[in-house]
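# Reading the structure
In case you want the letters, here they are:
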Amino acid sequence: MSAPHPLNQAVIAQALHDLRNGQLRRCKAMGFGEEELDALKHPELVSMLVNATVSWCSVSVNREVLKRLLSQVHDVAREIATVDRMLRLGASTEMVGKFYGLTHQEVALRRDILGLPKRKGRHPVLDEAQDVALWERWKAGVAERHIALNDDMAMLALTMDLAEALSLPMSVVWAAIRNWIDQGLV
């Protein structure tokens, strides 16, 4: 005696779940008509369908939807890498929350996952030499990359690069840049 076909079992399980939860539209999208849905109300018919040894259903792949989903996975991986880089460079919880919508708890968990030490208090203020070096590199970076002062995502990327190049906490670099822009010094 042959074993029941696993695809049949999965389809019936999903259809029964959807029926119990009032999701008739999903059942119909799977290909069930009114007659088949009525049959699913009878346990002996469900048992026959579940235990059928031949497949009575098929699977098709919507390639366009699959491509979009796969690109989303790539986007999420890139976002996680950016958040990790921000945290390693000394971004504040507020910065990560502003740009990527993470809560304080999610940022704390991400810091733990990365093995970053818990930091209390504020980062130190820039001394005059650091401020001058940051200003010069920032002005050059904005000009070289043609960044508009209101383009926060491009400014964030530049901030990460500057924090890394100058070995400064990212939150300090961001605060200095925002201060210069807000004061209209540019």
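Residues numbered from 1 in each chain as written. Predicted model: local features only at pLDDT ≥ 70, side-chain atom pairs only at ≥ 80, totals over all residues. Heavy atoms only, no water.

## Points about the overall build of the protein chain
Put simply, the rule is: Secondary structure elements are defined from DSSP: runs of H or I of at least 4 residues count as helices, runs of E of at least 2 residues count as strands, and each element is numbered from the N terminus. By definition, residues are in contact when any of their heavy atoms lie within 4.5 Å.
Secondary structure assignment for the protein chain yields 10 helices and zero strands. Starting at the N terminus and ending at the C terminus, the protein chain contains elements arranged as α-α-α-α-α-α-α-α-α-α. Considered along the principal axes of its C-alpha atoms, the protein chain spans approximately 80 × 35 × 30 Å. Partitioning the intrachain contacts of the protein chain with sequence separation of at least 6 by distance along the chain shows that 58% fall at a separation of at least 24.

## Some points on helix α9 (residues 152-166)
Keep this limit in mind: Given the number of residues in a helix, its expected span is that number minus one, multiplied by 1.5 Å. Classification of residues uses two cut-offs on accessible area relative to the type maximum, computed with a 1.4 Å probe and protein chains only: under 20% is buried, over 50% is exposed, and between them is partly exposed.
The end-to-end C-alpha distance of α9 is 20 Å, a good match for the 21 Å that 15 residues give at a rise of 1.5 Å each. Taken as a whole, α9 has its buried residues at Met155, Leu156, Leu158, Thr159, Met160, Leu162 and Ala163. Contact partners of the buried residues in α9: α5 (63-88), α6 (93-100), α8 (128-145) and α10 (170-182). Note on α9: the residue one or two positions beyond its end, Ser167, has a positive phi of about 55°.

## A few points about a nonpolar patch on the surface
Heads up, the rule is: For patches, a residue must show more than 30% relative accessible area and have no salt bridge; joins then use 9 Å for like charges and 5 Å for nonpolar side chains, namely Val, Leu, Ile, Met, Phe, Trp and Tyr. Using a 1.4 Å probe, the Shrake-Rupley method yields the accessible areas, and only the shown protein chains count as cover for residues. Within this document, salt bridges are pairs made up of a side-chain nitrogen of Lys or Arg and a carboxyl oxygen of Asp or Glu, the two lying within 4 Å of each other.
A contiguous nonpolar patch, built from Val61, Leu66 and Leu70 and spanning about 290 Å² of accessible area, is present on the exposed surface. Within the secondary structure layout, Leu70 lies in helix α5.

## Some points on the nonpolar core
The condition that has to hold: Put simply, buried Ala, Val, Leu, Ile, Met, Phe, Trp, Tyr and Cys residues joined by side-chain atoms within 4.5 Å make one nonpolar core. Just so you know, the domain bounds were taken from an automatic or database domain assignment.
Ranked by size, the top nonpolar core spans 31 residues in total, and within it Met86, Trp138, Met155, Leu156, Met170 and Ile177 carry the most contacts. Counting residues per element, the ones that place at least two in this core are α5, α6, α7 (104-114), α8, α9 and α10. Top element by residues in this core is α10. It accounts for eight residues. Domain assignment of the residues forming this core places at least three in each of domain 2 (63-114) and domain 3 (128-183). Apart from residues lying up to four places away in sequence, Leu156 is in contact with Met86, Met95, Phe99, Tyr100, Met170 and Trp174. Listed in part, the 11 residues of the second largest apolar core include Val11, Ile12, Phe32 and Leu37.

## Focus on the packing of aromatic side chains
Cut-off, in case you're wondering: Aromatic rings from Phe, Tyr and Trp, with only the six-membered ring used for Trp, were paired whenever their centres fell within 6.5 Å, and each pair was classed as stacked if the ring planes differed by under 30 degrees, edge-to-face if by over 60, and tilted otherwise.
According to the stated counting rule, one finds four aromatic pairs in the structure shown. Judged by centre distance (5.4 Å) and plane angle (85°), the ring pair of Phe99 and Trp174 falls under edge-to-face. Note that Phe99 is positioned in helix α6 and Trp174 in helix α10, a separation of 75 residues in sequence. Just as Phe99 is buried, Trp174 falls in that class too. Note on Trp135 and Trp180: the rings are 5.0 Å apart at their centroids and 90° apart in plane angle, and the pair reads as edge-to-face. Residue Trp135 is found in helix α8, and its partner Trp180 is found in helix α10; the two are separated by 45 residues along the sequence. Owing to a relative accessible area of 6%, Trp180 belongs among the buried residues under this scheme.

## Quick word on the packing of α5 against α9
Note the following rule: For every element, the axis is a line fit to its C-alpha atoms; helices are fit only across the contacting stretch, and the angle between N-to-C directions ranges from 0 to 180 degrees. Angular relationships are summarised with four words: roughly parallel below 35 degrees, roughly antiparallel beyond 145, roughly perpendicular across 65 to 115, and oblique for the angles in between. Note on convention: the crossing is left-handed when the near helix lies turned anticlockwise from the far helix by less than a right angle, right-handed when the turn is clockwise. In this count, Pro and Cys sit with the nonpolar residues alongside Ala, Val, Leu, Ile, Met, Phe, Trp and Tyr, while Asp, Glu, Lys and Arg are called charged and the others, Gly among them, polar.
For the pair α5 and α9, the least separation of the axes is 10 Å and the interaxial angle reads 40°. If you check the angle between α5 and α9, you find them oblique. The chirality of how α5 crosses α9 is left-handed. From α5, Thr82, Arg85 and Met86 reach across to α9, where they touch Leu156, Met160, Asp161 and Glu164. The residue inventory of the contact of α5 with α9, partitioned by class, reads three nonpolar, one polar and three charged.

Just distances and angles here, no functional claims.
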